[in-house]
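Observations on the three-dimensional arrangement
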Amino acid sequence: MILYNEWAQIEADESQTLHYQALLQEYLANKSAQVQWQYLIPELGEGGACSLFGHLQEEPFSLREHLDIDAEAQLVKLQGIVDFVVQQSGVDWFGIYQSRDIHGQSQLLKLAYYGAPSRPLFPITPEFAATSNNVQVVSSGKARIINNVEDYVASGGEYYTCDPKVEAESCLPLYSQKGKVVGIIDAEAFSTDFFTPERIALLVAASKEIVAHLPA
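Residue indices begin from 1 for each chain and proceed along its sequence in written order. Per-residue local features are limited, in this predicted model, to residues with pLDDT of at least 70; the limit for side-chain atom pairs, both in listing and counting, is 80 or more; totals at the level of whole chains, interfaces and linings are taken over all residues. To get the side-chain values, take all heavy atoms of the structure and skip hydrogens and water.

The name given to the protein chain in an unreviewed UniProt entry is GAF domain-containing protein, and the organism recorded there is Pseudoalteromonas qingdaonensis.

Another aspect to go through is a negative patch on the surface. Together, Glu43, Glu58, Glu59 and Glu65 give the surface a local cluster of negative charge. Strands here are runs of E lasting at least two residues and helices are runs of H or I lasting at least four, both read from the DSSP assignment and numbered beginning at the N terminus. Within the secondary structure, glutamate 43 sits in strand 4 (residues 42-44). For patches, a residue must show more than 30% relative accessible area and have no salt bridge; joins then use 9 Å for like charges and 5 Å for nonpolar side chains, namely Val, Leu, Ile, Met, Phe, Trp and Tyr. Residue burial considers only the protein chains on display, and all accessible areas are found by Shrake-Rupley using a 1.4 Å probe. We define a salt bridge as a contact between a side-chain nitrogen of Lys or Arg and a carboxyl oxygen of Asp or Glu at a distance within 4 Å. All tallies of charge rest on Lys and Arg as positive and Asp and Glu as negative; His and the ends of each chain are not included. Where a charge lies is defined by one atom per residue type: Lys uses NZ, Arg uses CZ, Asp uses CG and Glu uses CD.

Topologically, valine 91 is positioned in the loop between helix 2 (72-89) and strand 7 (93-102). Note on classification: 1.4 Å probe, protein chains only; a residue is buried when its accessible area is under 20% of the maximum for its type, exposed when over 50%, partly exposed between these limits. The buried category is assigned to valine 91, whose relative accessible area is 4%. A C-alpha to C-alpha distance of 20 Å links valine 91 and lysine 31, two positions 60 residues apart in sequence. Contact criterion: two residues are considered in contact whenever any of their non-hydrogen atoms come within 4.5 Å of each other. If we skip the residues at most four places from it in the chain, valine 91 touches Val85, Val86, Tyr114, Ala187, Glu188, Phe194 and Phe195.

Below, the discussion takes up the confidence of the model for the protein chain. On a scale of 0 to 100, pLDDT captures the predictor's confidence in every residue. Summing up the model confidence of the protein chain, the mean pLDDT is 90 and the portion of residues at 70 or higher is 93%. Here residues 1-8 is a poorly scored stretch, pLDDT under 50, and it has 26 contacts once near neighbours within four places are set aside; other chains count.

This part is about the nonpolar core. Within the largest apolar cluster, 63 residues are counted, with the highest numbers of intra-cluster contacts made by Leu78, Phe94, Phe195, Leu203 and Ile210. The contact partners of leucine 78, leaving out residues within four places of it in the chain, are Ile96, Leu111, Ala112, Ile210, His213, Leu214 and Pro215. Remark: nonpolar core denotes a set of buried residues (Ala, Val, Leu, Ile, Met, Phe, Trp, Tyr, Cys) joined through side-chain atoms within 4.5 Å. One finds Ile146, Tyr152, Tyr159 and Val166 within the second-largest nonpolar core, a separate group that totals five residues.

Next up on the list: the pairing of strand 8 (residues 105-114). Walk down a regular strand and you will see the side chains alternate between the two sheet faces. Among the ten residues in strand 8, seven count as buried, and that is most of the element. Across nine bridges, strand 7 lies against strand 8 in antiparallel orientation. By the bridge assignment for strand 8, arginine 100 is matched with glutamine 107. If you look at the hairpin formed by strand 7 and strand 8, you'll find two residues sitting between the two strands, and histidine 103 has a positive phi there, around 55 degrees. Should DSSP find at least two bridges between two strands, the strands are regarded as paired. Pairing geometry for strand 8 and strand 9 (residues 121-123), over three bridges, is antiparallel.

In structure tokens form, the structure reads like this:
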């Protein structure tokens with residue numbers, strides 16, 4: 001699989017992807033992860049367009065407001081996938097988002113993650129797509145890989161900054177068996193050129209497994 005955008009052309013070797021899929025399935029069969037039904041989130045900036053990194057809301061975000069308790073088994077698997085990706089890659093932040101109708105609006109809901117607190121919801125709107133890789137990817141169905149955020153911004157690219165330590169980001173769409181985009185995965189690193197073909201193969205393997213465990 002070759003993932004394109006204007007900043008990257010990276011080939012994920014199919015055999016490497018299959019290798020990671022096998023390792024991941026074995027990991028999930030033998031490990032049970034801890035579900036985060038609640039997590040801390042940053043204060044939102046002016047107009048809700050950005051998060052204020054380091055300034056946390058007192059009230060934690062609760063997934064129970066948006067998911068049934070029956071989703072526990074799926075969330076266990078999704079958090080297990082997060083743990084596996086972090087273990088295998090050393091990535092500094094990784095999250096799984098599902099497209100859901102929330103408060104009458106299509107939004108990306110963060111289901112499982114590793115790393116610093118971050119916003120739980122991204123409205124899927126043209127306004128957010130202008131700066132947010134997450135929303136661009138779920139809207140277009142095309143992956144985005146930025147291996148040097150500083151160069152990307154200096155060249156005129158719009159970038160939604162939450163954690164200023166992030167120097168590279170990779171965001172991949174999640175496709176259902178019917179070919180519909182149902183969410184995204186987002187990976188961030190504190191070093192440039194982090195997303196090598198091998199790490200992209202890992203992310204592709206994770207994305208293929210995730211869709212089998214998304215809540216209804």
